[in-house]
Amino acid sequence: MIKHGLWVLLLSALVAGCSSHKVKTTNHVPIDRVTAEIPEHLLLDVGVQLFDPGIDDAADSDGLIFPEVRKAESRYMAVVLAETLQVSAAWGAVRVVPPASSSSDVTVKGKILHSDGETLSLAISVHDVSGNHWFDRIYRESASHYAYNDRLVNGADPFQGIYNQIANDLLDHKQTLKDSDITNLRTIAELRFARDFSPSAFSEHLSQTQDGQYAVIRLPAEDDPMLNRVRRIRERDYLFVDTLQDYYGTFVREMDGPYQTWRAESYDAVVTQRELESEATMRTIAGVASIIGGIAAAGNNSGAGRAAGQVAIAAGGYMVKSGFDKREEAKMHSETLIELGDSLEAAIEPQIIELEDRTITLSGTVENQYDQWRALLKEIYKAETGL
């Protein structure tokens, strides 16, 4: 028969087992930079699409999803990745673009798999304008509590290592391309843009396979008036997309303060909740084990055995109740996270876009405004060509 003292040691060991902590670091993967100057005609433009917030996939499996925060993160993280790519000095123009945009030489798509201040997990897919897939990879990083201490990290993003690694992987793939490959991609990008505006004039210059691969059949004349008009339209499109960069940059600057505060609070709440839930489980298991052992001891014929059994049953009941109390405390932290998420809602309102040469009233979100802008460009092109 297990003696009372042994039960106490067992319970103490079970409860103590839930207090362990993971050791994390604030060190990040360094970003690879290109030191030699790249000729302009060999620079590829990159479009970083707004990330998929991953709300639908996570809604059933993760109780710490706040839709408005995820929508804000989908923009914030795309901007941080674009800024990181610019630091590598390996690319031409790097722009954050709406999902409808497909005219970039290289397109980066991202999806948020998990984000709670402690851990960030992203699914990244990269392809070029010819339809070639560069890679699909999942990136994951855990932040240290010290990552939210500005005096230690000097304002760096707590998960900067993920963005650095994505940028490094993109650079590694780019370096496998020949100069002729890069020139071909730039040509395909221009012809695809031209074909969108004038299919009758430019469809014969490109071929497209059933699996989405593009190839150049023949080049238009350099002085082709239709091509020159398309190039002017494309410059206007760049102007609008560059205006979007101002919007996204302003958005990130305004969001940064409350978002990093939310992340830090979320980090503490998530860690505390996990520890409380673990402690609650351990306490419940220990309590049930103590009750079972107490019942067995209470059946002993000796008076000392029955007394020890009653003590174990009482201790087990207390442990079970304590476990339930810990679960309620964890639930309170979940509610705190919801309140923190709601406080960020005011920072993600869409804005009206103003162009340098005119003011155009475009309704809806920035993404919807871009769709309206492309429709307006097509009207301008038709008016200029008399179509």
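Residues numbered from 1 in each chain as written. Predicted model: local features only at pLDDT ≥ 70, side-chain atom pairs only at ≥ 80, totals over all residues. Heavy atoms only, no water.

## Digging into the pattern of salt bridges
By the definition in use, this model includes 6 salt bridges. The partner of Asp 169 in a salt bridge is Arg 137, with the nearest N and O atoms 3.1 Å apart. Of this pair, Asp 169 sits in helix 5 (residues 160-174) while Arg 137 sits in strand 5 (residues 133-142), and the two are 32 residues apart along the sequence. Measuring nitrogen to oxygen at the nearest pair gives 2.2 Å for the salt bridge that ties Arg 218 to Glu 204. Of the two residues, Arg 218 sits in the loop between strand 7 (214-216) and helix 8 (225-298) while Glu 204 sits in the loop between helix 7 (199-202) and strand 6 (206-208), which places them 14 residues apart along the sequence. Residue classification places Arg 218 among the partly exposed positions, given a relative accessible area of 41%. The class for Glu 204 is partly exposed, based on a relative accessible area of 44%. Each of Glu 190, Glu 222 and Arg 231 takes part in one network of salt bridges that share partners. (Salt bridge = Lys/Arg side-chain N within 4 Å of Asp/Glu carboxyl O. Helix = DSSP H or I, 4+ residues; strand = E, 2+ residues; numbered from the N terminus. Buried < 20%, exposed > 50% of the residue type's maximum accessible area, 1.4 Å probe, protein only.)

## Looking at the confidence of the model for the chain
Taken residue by residue, the chain gives an average pLDDT of 75. The fraction at 70 or more is 63%. Below a pLDDT of 50 lies the segment residues 1-23, which in the model reaches 20 contacts outside its immediate sequence neighbourhood of four places, other chains included. Counting interchain partners and residues more than four positions distant, the pLDDT-below-50 stretch residues 343-351 has 18 contacts. (pLDDT = per-residue confidence, 0-100. Contact = heavy atoms within 4.5 Å.)

## What about unusual backbone geometry?
In this model, Ala 89 sits at a positive phi of 60°, which is unusual for a non-glycine residue. Mapping Ala 89 onto the fold places it in the loop between helix 3 (67-87) and strand 2 (94-97). You can call Ala 89 partly exposed: its relative accessible area is 41%.

## Details of the nonpolar core
Among the nonpolar cores identified, the biggest contains 77 residues, and Val 48, Trp 91 and Leu 170 are the most heavily contacted of them. If you tally residues by element for this core, the top one is helix 8, at 14 residues. Each residue touching Leu 170, except ones within four places of it in the same chain, is listed here: Leu 85, Trp 91, Val 106, Val 108, Val 126, Trp 134 and Phe 135. (Core = buried A, V, L, I, M, F, W, Y, C linked by side-chain atoms within 4.5 Å.)

## A look at the sheet that holds strand 3 (residues 106-115)
Judged by pairing direction, the sheet is mixed, and its 5 strands sit side by side in the order 2-1-3-4-5 without closing on themselves. Either end of the sheet is taken by a strand with one partner, and the two such strands are strand 2 and strand 5. With direction set aside, neighbouring strand axes in the sheet form an average angle of 20°. Pairing of strand 1 (residues 46-49) with strand 2, which is carried by 4 bridges, proceeds in the parallel orientation. Paired with Gln 49 across the strands is Val 97, a residue of strand 2. (Pairing = 2+ DSSP bridges. Axes fitted to C-alpha atoms, helices over the stretch in contact; angles between N-to-C directions.)

## Section: the packing of aromatic side chains
Counted by the stated rule, this structure contains 4 aromatic pairs. Here the aromatic rings of Phe 193 and Phe 197 are separated by 4.8 Å at their centres, their planes lie at 35°, and the arrangement is tilted. Of the two residues, Phe 193 and Phe 197 are both situated in helix 6 (residues 179-197); the distance of 4 residues between them amounts to about one turn of the helix. Grouping residues by exposure puts Phe 193 and Phe 197 together as buried. A centroid spacing of 6.1 Å and a plane angle of 65° characterise the contact between Phe 197 and Tyr 381, whose relative ring orientation is edge-to-face. One end of the pair, Phe 197, is in helix 6; the other, Tyr 381, is in helix 10 (residues 366-385), with 184 residues separating them in the sequence. (Phe/Tyr/Trp six-rings, centres within 6.5 Å; stacked < 30°, edge-to-face > 60°.)

## Details of helix 3
Helix length check: helix 3, at 21 residues, gives a terminal C-alpha distance of 30 Å against a target of 30 Å (1.5 Å per residue), a fit within 8%. The buried fraction of helix 3 amounts to 15 of the 21 residues, a majority that puts the element mostly inside the structure. Immediately beyond the C-terminal end of helix 3, within one or two residues, lies Ala 89, with a positive phi of roughly 60°. (Expected span 1.5 Å × (residues − 1).)

## Notes on the packing of helix 3 against helix 5
Direction vectors running N to C along helix 3 and helix 5 enclose 55°, while the axes themselves pass 9 Å from each other. Accordingly, the angle class assigned to the pair helix 3 and helix 5 is oblique. The handedness of the crossing between helix 3 and helix 5 comes out as right-handed. The residues of helix 5 that touch helix 3, namely those facing Met 77, Val 80, Leu 81, Thr 84 and Leu 85, are Gln 160, Tyr 163, Asn 164, Ile 166, Ala 167 and Leu 170. (Parallel < 35°, antiparallel > 145°, perpendicular 65-115°, else oblique. Left-handed = near helix turned anticlockwise from the far one by under 90°.)

## Comments concerning the environment of Ala 82
Positionally, Ala 82 belongs in helix 3. Residue classification places Ala 82 among the buried positions, given a relative accessible area of 5%. In this structure, the C-alpha to C-alpha distance between Ala 82 and Val 94, residues 12 residues apart in sequence, is 6.0 Å.

## Some points on the side chain of Glu 190
Position of Glu 190 among the secondary structure elements: in helix 6. Within the local environment of Glu 190, its side chain forms a polar contact with the side chain of Arg 231, the two groups lying 2.8 Å apart. Look past the residues within four positions of Glu 190 in its chain and what remains in contact with it is Leu 227, Arg 231 and Arg 234. (Polar contact = N/O pair within 3.5 Å; in protein donor to acceptor, adjacent residues only side chain to side chain.)

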